[in-house]
Structures are given as C-alpha cells and as structure tokens.
Amino acid sequence: MRTILILLIYLIVCVISIPLLLIECVVRKINPKAAAAFAIVIVHAAFNLTMAVSGCKKEIVGIENIPTDRPVVFAANHRGFYDIILAYAAIASAHIQVAFISKIEIKKIPVIAQWMYFLNCLFMDRGNMKQNMGVILSAASLIKDGYSIYIAPEGTRNATDTLLPFKEGSMKIATKTKAPIVPVCIKNTENILENHLPWIRGGRIYIEFGTPVYPEALDQEQKKHVGSLIQQAIQEMYNKKAMD
C-alpha cells in the first residue's frame, strides 16, 4: 500500500511541478539564489511528506554541529535511496542552501532531475575521471557562491556495517575552499526500500551530524588523508548507534 501511495504522490508532484518549474525558470533568470530558496521549500515539503507516507520514524541528531557562518561540505556514508530524502529534509530544516552531488543516472528521472537543477545539484559520472574533476571544480565554485555541498565519498551504496574507503579526490572540494567538513552518519535507510524491493516498509531511520573538521587546522599529512579521517569519524558514529 505504501508503495502505491508513494507512486501516486510522485504523479501528483509531477503535475503540480509543471507551473512551479515555469516560475522557477523566470525567477532563476532574475535571482538564482531566490530560485534555489524557493526550490528548497518545495523539495523539503515533498520529502517530509514522502517520509511520513513511507512510515519513516526519523531521528535527527547533531544539527547544532553544523556551522552557520559559512558554507560546509557534508560528507556522508551511503546506504540507500532514502539517504537523500532524510538528509535533505534535515539540512533544509536548518535553513541551509545545499547542493547535492549525485550519480549521473538521476538526470534521467523526470521532474526530480529538474528540481535538482534548480537546487544547483551536480551529477557525477563515476566512470569518467575528467568529468569527475569538473564536478569537483564546479562544487568548489558553488561553495564560493555561498552554497554548501553534500557528497557521499564511498562512491556507491553500501549497506554493510563497515564503510567503504572514502575517495580522497572528493575531499578536494573542502581543501580547495577551506570549507569545514561535517561528517554525516546515516543508518537503517536501506530497510525502507532496498532490502525488500520494490516494496516500501516503514521503520526507524537515523542521521547524525558530527563535529566539523576544518581543513586549515590539519597538517600536510592529514590533508593528504582527510577522506580517511572523515570515514573513521563516521564509522565511530555508526558503531556507537544501536538500532532496533
């Protein structure tokens, strides 16, 4: 039943989005940041509705750890589709403009791809190193323009209890811009969908924002392995959180 309801919501959002996206096009030409702020309101509401209908009982910890005086890089582990829904809803509740770096396949999903465009999200082709570097440079430019960036440095979904190695190249977004890196631990989202595709089942999902790491405070050796430092921090958060 939940799966059918989510599909209906998606269809309704597609219809409602037609005039809203037209408004976004006009606003973006006048004021890109205002367009992004408007998109945040719409997507935040849609994601909260999606979690409610899906039966998600979300637990959000550590919002107060997110610096509010400048843009940050959110570096998270990646367990399932509901990671993005949970993370975006949590970050948007803190009134932070954030652009997500997503796999390029998401560009094929109608309406979702269009809203991501207005949120300044970037799409990475995991098999194209040259394109990946371009995405990292674009993300650094967004940070300089005042947007935070969310990335999953494992590079793919991983529902085991041991995080995959973080790709050090993704951390260049922070080291080039001196943006604080906020470790983000996500747990249990794979139990909403991936563990019993195509059915959606409710359950507890967890997200924790850890203590930020400031690149300028690291020595040269630490900067070379900042991905490993963040991975370790998230692994420690993951290990200490028990889930039913």
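Residues numbered from 1 in each chain as written. Predicted model: local features only at pLDDT ≥ 70, side-chain atom pairs only at ≥ 80, totals over all residues. Heavy atoms only, no water.

Let's talk about the side chain of Gln 97
Using the following cut-off: For the purposes of this entry, the term helix denotes a DSSP run of H or I that reaches at least four residues, the term strand denotes a run of E that reaches at least two, and both are numbered from the N terminus. Any pair of nitrogen or oxygen atoms within 3.5 Å is treated as a polar contact; in protein, a donor-acceptor pairing is required on top of that, and neighbouring residues in sequence qualify only through side-chain atoms on both sides. By the convention used here, residues are in contact when the closest approach between their heavy atoms is within 4.5 Å.
Structurally, the position occupied by Gln 97 is in the loop between α3 (82-93) and β3 (98-103). A polar contact of 3.2 Å, which involves the side chain of Gln 97, links it to the backbone oxygen of Lys 33. When near neighbours in sequence (up to four residues on either side) are disregarded, Gln 97 contacts Lys 33, Ala 36, Ala 37, Ile 40, Tyr 147 and Ser 148.

Some thoughts on the side chain of Asp 83
Here is the rule: Each residue gets one of three labels from its accessible area relative to the maximum for its type: buried under 20%, exposed over 50%, partly exposed in between, using a 1.4 Å probe on protein chains only. Positive: Lys, Arg. Negative: Asp, Glu. His and the chain ends are not part of the count. One speaks of a salt bridge when a side-chain nitrogen belonging to Lys or Arg is within 4 Å of a carboxyl oxygen belonging to Asp or Glu.
Checked against the element boundaries, Asp 83 lands in helix α3. Of the side chains bearing the opposite charge, Arg 79 lies closest to the buried Asp 83, which forms no salt bridge; the N-O distance is 6.4 Å. Polar side-chain contacts of Asp 83 include one of 2.7 Å to the side chain of His 78. Excluding residues that lie within four positions of it along the chain, Asp 83 makes contacts with Asn 77, His 78, Ile 186 and Thr 189.

Quick notes on helix α8 (residues 226-240)
The condition that has to hold: Helices are assigned an expected span. That span is 1.5 Å times one less than the residue count.
Helix length check: α8, at 15 residues, gives a terminal C-alpha distance of 22 Å against a target of 21 Å (1.5 Å per residue), a fit within 8%. Listed as buried for α8 are Val 226, Gly 227, Ile 230, Gln 231, Ile 234, Gln 235, Met 237 and Tyr 238. Those residues of α8 hidden inside the fold are in contact with β2 (73-76), α6 (172-177), β6 (181-187), β7 (203-209) and α7 (220-224).

Structural notes on the packing of helix α1 (residues 2-30) against helix α2 (residues 32-54)
Using the following cut-off: Fitted lines through C-alpha atoms give the axes, limited to the stretch in contact for helices. The angle between two N-to-C directions lies from 0 to 180 degrees. Here the word oblique covers every angle except those under 35 degrees (roughly parallel), over 145 (roughly antiparallel) and from 65 to 115 (roughly perpendicular). Just so you know the grouping, Ala, Val, Leu, Ile, Met, Phe, Trp, Tyr, Cys and Pro go in nonpolar, Asp, Glu, Lys and Arg go in charged, and all remaining residues, Gly too, go in polar.
In the contact formed by α1 and α2, the axes pass within 10 Å of each other and the chain directions differ by 175°. As the angle between them shows, α1 and α2 are arranged roughly antiparallel. In this structure, α1 contributes Arg 2, Leu 5, Ile 6, Ile 9, Leu 20, Glu 24, Val 27, Arg 28 and Ile 30 to the contact, and α2 contributes Pro 32, Ala 34, Ala 35, Phe 38, Ala 39, Ile 42, Leu 49, Thr 50, Val 53 and Ser 54. For the contact of α1 with α2, the residue count by class is 14 nonpolar, two polar and three charged.

So, the nonpolar core
Side chains that are nonpolar tend, in soluble globular proteins, to be buried together. Put simply, the test is: Put simply, a nonpolar core is a bunch of buried Ala, Val, Leu, Ile, Met, Phe, Trp, Tyr and Cys residues held in one set by side-chain atoms that sit within 4.5 Å of each other.
Within the largest apolar cluster, 44 residues are counted, with the highest numbers of intra-cluster contacts made by Phe 74, Tyr 82, Tyr 88, Tyr 150, Val 184, Ile 207 and Phe 209. Breaking this core down by element, the ones donating at least two residues are α1, α2, β2, α3, β3, α4 (112-118), β6 and β7. For this core, the element with the highest residue contribution is α3, accounting for nine residues. Excluding residues that lie within four positions of it along the chain, Tyr 150 makes contacts with Phe 74, Ala 76, Ile 84, Ala 87, Ile 91, Val 98, Ala 99, Phe 100, Ile 101 and Ile 186.

Here's the deal with the packing of α2 against α3
The following threshold applies: With the far helix as reference, a near helix turned anticlockwise by less than a right angle produces a left-handed crossing, and one turned clockwise produces a right-handed crossing.
Contact geometry for α2 and α3: axes closest at 9 Å, N-to-C directions at 125°. Regarding the angle of α2 to α3, the classification is oblique. In this structure, α2 crosses over α3, and the sense of that crossing is left-handed. For the pair formed by α2 and α3, the contact residues are Ile 40, Val 43, His 44, Phe 47, Asn 48, Thr 50, Met 51 and Ser 54 on the first element and Tyr 82, Ile 84, Ile 85, Leu 86, Tyr 88, Ala 89, Ala 92 and Ser 93 on the second. Considering only residue class, the contact of α2 with α3 consists of eleven nonpolar, five polar and no charged.

Digging into the environment of Leu 22
Its location among the elements puts Leu 22 in helix α1. As for Leu 22 and Lys 103, which are separated by 81 residues in sequence, their C-alpha atoms are 25 Å apart.

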